[in-house]
Amino acid sequence: MDAEGTQTGSQGTVRPGAGGTDPPVHMTPEEFRLQGRAVVDWVADYFERVAAYPALSRAAPGEIRAGLPAAPPEHGEAFANILADVETKILPGITHWQSPSFFAFFPANVSGPAILGELLASGLGVQGMLWATSPACTELETHVLDWVVDMLGLPPRFKSSGSGGGVIQDTASSATLCALLAARERATGGESNRRGCDGRLVAYASTQAHSSVEKAARIAGLGSEKLRLVEVDERFALRPEALERRVAADRALGLVPFFVCATVGTTSSNAIDPVQAIGRLCAREGLWLHVDAAMSGTAALCPEFRGIHAGLEHADSYCFNPHKWMLTNFDCDCFYVADRASLIGALGILPEYLRNQATASGQVIDYRDWHVPLGRRFRALKLWFVIRWYGVEGLRRHVRHTVHLAQEFARWVAADPRFECVVPPPLNLVCFRLRSSDAVNQDLLERLNRSGELYLTHTRLDDRTVLRFCVGQPQTEERHVREAWQRIQEEAALVQPSC
Ligand SMILES: Cc1ncc(COP(=O)(O)O)c(C=O)c1O
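Computed from a prediction, not measured in an experiment: that's the story for all the values here. (Residues numbered from 1 in each chain as written. Predicted model: local features only at pLDDT ≥ 70, side-chain atom pairs only at ≥ 80, totals over all residues. Heavy atoms only, no water.)

Q: What exactly am I supposed to notice about the site of the ligand here?
A: Taken together, 14 residues lie around the ligand, and Ala172, Ser173, Thr267, Asp292 and Asn321 are the ones closest in. One of the side-chain N or O atoms of His323 is found 3.5 Å from an oxygen atom in the ligand. Take Lys324: an N or O atom from its side chain is 3.3 Å from an oxygen atom of the ligand. Alone, the ligand offers 400 Å² of accessible surface; in the complex the protein occludes 87% of this. At the level of secondary structure, the elements contributing two or more residues to the shell around the ligand comprise α6 (172-188) and α11 (322-325). (Near = heavy atom within 4 Å. Polar contact = N/O pair within 3.5 Å; in protein donor to acceptor, adjacent residues only side chain to side chain. Areas by Shrake-Rupley, 256 points an atom, 1.4 Å probe, with all protein chains shown as cover. Helix = DSSP H or I, 4+ residues; strand = E, 2+ residues; numbered from the N terminus.)

Q: How should I be thinking about the sheet that holds strand β3 (residues 165-169) in this particular structure?
A: Hydrogen bonding along the main chain pairs the strands of a sheet, whether they run parallel or antiparallel. Taken in spatial order, the 7 strands line up as β3-β9-β8-β7-β6-β4-β5 in an open sheet, and their pairing is mixed. The outermost strands of the open sheet, each flanked by one partner alone, are β3 and β5 (227-230). Within this sheet the neighbouring strands show an average axis-to-axis angle of 20°, counted without direction. Alignment of strand β4 (residues 201-206) against β5, held across 4 bridges, turns out to be parallel. By the bridge assignment for β5, Ala205 is matched with Leu229. (Pairing = 2+ DSSP bridges. Axes fitted to C-alpha atoms, helices over the stretch in contact; angles between N-to-C directions.)

Q: Before we go on, may I ask you to explain the packing of aromatic side chains in this structure?
A: Where two aromatic rings form a pair, the distance of their centres and the angle of their planes describe that pair. Scanning all chains against the criterion turns up 20 aromatic pairs. Pairing Phe158 with Tyr318 gives two aromatic rings, centres 6.4 Å apart and planes at 25°, and the pair type is stacked. Note that Phe158 is positioned in the loop between α5 (135-152) and β3 and Tyr318 in strand β8 (residues 317-320), a separation of 160 residues in sequence. Classification of Tyr318 as buried rests on a relative accessible area of 0%. Ring centres of Trp384 and Phe385 lie 6.1 Å apart, and the angle between their planes is 50°; this geometry places the pair in the tilted category. For Phe385, a relative accessible area of 25% translates into the label partly exposed. Three or more aromatic residues joined by ring pairs make a cluster, and in this case those are Phe103, Phe409, Phe419, Phe432, Phe469 and Trp485. Note that Arg49 overlies the ring of Trp42, its terminal NZ or CZ placed 5.3 Å from the centroid. Taking NZ or CZ as reference, Arg468 lies 5.1 Å from the ring centre of Phe106, over its face. (Phe/Tyr/Trp six-rings, centres within 6.5 Å; stacked < 30°, edge-to-face > 60°. Buried < 20%, exposed > 50% of the residue type's maximum accessible area, 1.4 Å probe, protein only. Lys NZ or Arg CZ within 6 Å of the ring centre and 35° of its normal.)

Q: Got a minute to help me understand the sheet that holds strand β11 (residues 429-434) in this structure?
A: Strand order across the open sheet formed by 4 strands is β10-β11-β13-β12, with antiparallel pairing between neighbours. At either end of the open sheet lies a strand with only one pairing partner, and these are β10 (419-421) and β12 (457-461). With direction set aside, neighbouring strand axes in the sheet form an average angle of 40°. Bridge count for β10 against β11 is 3 bridges, and the pairing is antiparallel. By the bridge assignment, Phe419 is partnered in β11 with Leu434. Sitting on the sheet, helix α15 (residues 438-451) touches β10, β11, β12 and β13 (464-470), and the angle it makes with β13 is about 30°. (Contact = heavy atoms within 4.5 Å.)

Q: Would you take a moment to explain the confidence of the model for the protein chain for this structure?
A: Regions with low pLDDT carry predicted coordinates that are not meant to be interpreted in detail. Looking at the protein chain, pLDDT values average 95 and 96% of them are 70 or higher. Contacts from residues 1-12, a stretch scored under 50 in pLDDT, to residues over four places away or in other chains number 25 contacts. (pLDDT = per-residue confidence, 0-100.)

Q: I would appreciate a short explanation of a nonpolar patch on the surface in the present structure.
A: Taken together, the side chains of Val40, Leu116 and Leu119 define a hydrophobic patch exposed on the protein surface, amounting to about 250 Å² of accessible area. By the element assignment, Leu116 lies in helix α4 (residues 112-124). Given a relative accessible area of 44%, Leu116 falls into the partly exposed group. (Patch = residues over 30% accessible without salt bridge, like charges linked within 9 Å, V, L, I, M, F, W, Y side chains within 5 Å. Salt bridge = Lys/Arg side-chain N within 4 Å of Asp/Glu carboxyl O.)

Q: Just to check I follow, could you spell out helix α12 (residues 340-347) for this structure?
A: Given 3.6 residues to a turn, an α-helix orients residues that are three or four positions apart in the same direction. Residues of α12 that are buried: Ser342, Leu343, Ala346 and Leu347. Taken down its axis, α12 places every buried residue within 115° of arc, on the same side. Seen from the buried face of α12, the exposed residues on the opposite side, beyond 90 degrees, are Ala341 and Gly345. The secondary structure elements touched by the buried residues of α12 are α6, α7 (191-195), β7 (288-292) and β9 (333-337). (Arc of directions from axis to C-beta.)

Q: Just checking my understanding: could you explain the packing of helix α9 (residues 240-252) against helix α10 (residues 275-285) for this structure?
A: Angle between the axes and distance between the axes: these two values describe a pair of packed helices. Viewed as axis vectors pointing N to C, α9 and α10 meet at an angle of 20°, and their least axial separation amounts to 9 Å. In terms of their interaxial angle, α9 and α10 are classed as roughly parallel. Between α9 and α10 lies a crossing whose hand is right-handed. Where α9 abuts α10, its residues Pro240, Leu243, Glu244, Val247 and Arg251 lie against Ala277, Ile278, Leu281, Arg284 and Glu285. The class makeup of the residues in the contact of α9 with α10 is 6 nonpolar, no polar and 4 charged. (Parallel < 35°, antiparallel > 145°, perpendicular 65-115°, else oblique. Left-handed = near helix turned anticlockwise from the far one by under 90°. Nonpolar A, V, L, I, M, F, W, Y, C, P; charged D, E, K, R; others polar.)

Following this line, the structure appears as structure tokens:
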């Protein structure tokens with residue numbers, strides 16, 4: 001910066017001094033081109049070196065913030081300096097979800113085509129709340145979501161050509177909330193929207209359902225207590241006969257059962273609820289059935305895994321997350337309804353400032369009526385890029401490869417008498433434990449994660465601490481799984497030397 005307060009950007013851009021009515025200075029297309037290349041190079045380099053970082057960040061609470069200046073810069077800084085700070089100030093606080101040794105939670109896939117699709121969407125900067133605010137944003141989304149119905153072998157009634165349709169939500173949590181709201185309005189003929197939630201409404205999910213179902217029940221005004229958590233069987237899948245008993249008991253109390261959330265691939269153990277039996281019960285009882293397949297739905301790309309969706313033709317709504325296992329950057333959840341009128345009936349609202357000819361014509365979809373926020377990003381672009389770049393067969397290979405690696409891991413665990421697999425792994429998640437106390441298993445987990453060489457998480461099943469090993473990252477190869485198993489065995493010998 002010189003004495004007059006003018007500042008020279010990294011591209012020689014002259015920035016005016018403070019005050020006055022000078023126009024703002026933006027990054028020129030030329031500088032954007034240059035810095036954009038630097039960022040793409042940075043990301044490509046990151047992918048090449050990500051395996052070298054500790055999978056779980058070692059930052060202590062507050063450490064990253066302490067390295068940042070207390071006040072924002074008054075004058076703009078050179079882009080190269082900002083990027084350099086990513087390396088020194090941000091990376092130490094990153095848990096490397098893209099590490100090939102990341103086996104925690106469920107995966108959060110990224111891929112080259114998804115990142116580039118996302119970049120393009122940022123560049124276009126469209127806000128697709130209405131068809132009219134960018135027709136391509138809406139029509140590509142409708143089209144790609146119809147493709148996905150065919151790709152996963154989903155029931156045709158989820159397609160836009162009939163009475164149903166799909167929409168991209170940010171997350172499965174939002175999809176479940178929207179399903180619950182649509183079900184609530186269907187059950188009360190729109191009264192809950194007009195007057196507030198009917199206190200007699202009751203919803204059901206298994207004890208293993210994701211916490212987002214309870215959160216949705218709270219937000220929708222039911223309250224946690226009006227979500228009944230139904231008993232599960234020895235594989236942690238919902239027991240339909242227990243559901244039936246609960247529904248009958250609630251009816252006997254004068255309550256109004258209206259909604260069931262079945263899970264295809266529970267978070268703790270990947271249990272697959274029996275959608276067929278649950279669906280028949282819902283049809284008999286007039287209950288809305290939502291199926292949450294957040295992680296495992298992607299497996300249905302492969303015909304040999306489509307059994308997980310048996311009975312889905314009974315579902316009123318369904319969701320899965322390409323941002324977990326289908327190589328599409330967060331955020332991207334595909335949410336389908338069999339009857340779009342009930343969703344739009346629950347969420348549609350039309351203030352004067354959004355009225356336009358296309359909406360009035362009734363010939364277009366306005367996705368703002370299909371989710372909670374008004375505004376929406378052009379997420380379909382990255383999904384379209386992913387599907388086109390990999391092709392359906394390429395995506396199937398990713399699923400088969402990661403399922404194969406997880407099954408290999410499960411075989412190694414089963415062959416070591418010190419360990420047990422807690423349930424047979426249906427897909428890519430292995431739940432296992434040392435045949436020892438919870439404290440020893442917890443100790444094992446902490447030592448492994450401290451090592452930085454891999455990252456696992458835990459859960460509780462049958463009131464015991466269980467370690468979860470989920471394979472899903474694009475960079476994970478057999479050697480990474482083998483190395484992880486070796487580390488687990490070594491640490492096991494240390495935490496429980498007697499075995
Ligand atoms: C079965 C299931 N449902 C819902 C969710 C929530 O996903 P999201 O972060 O997309 O809301 C998860 C997250 O792991 C999950 O496993």
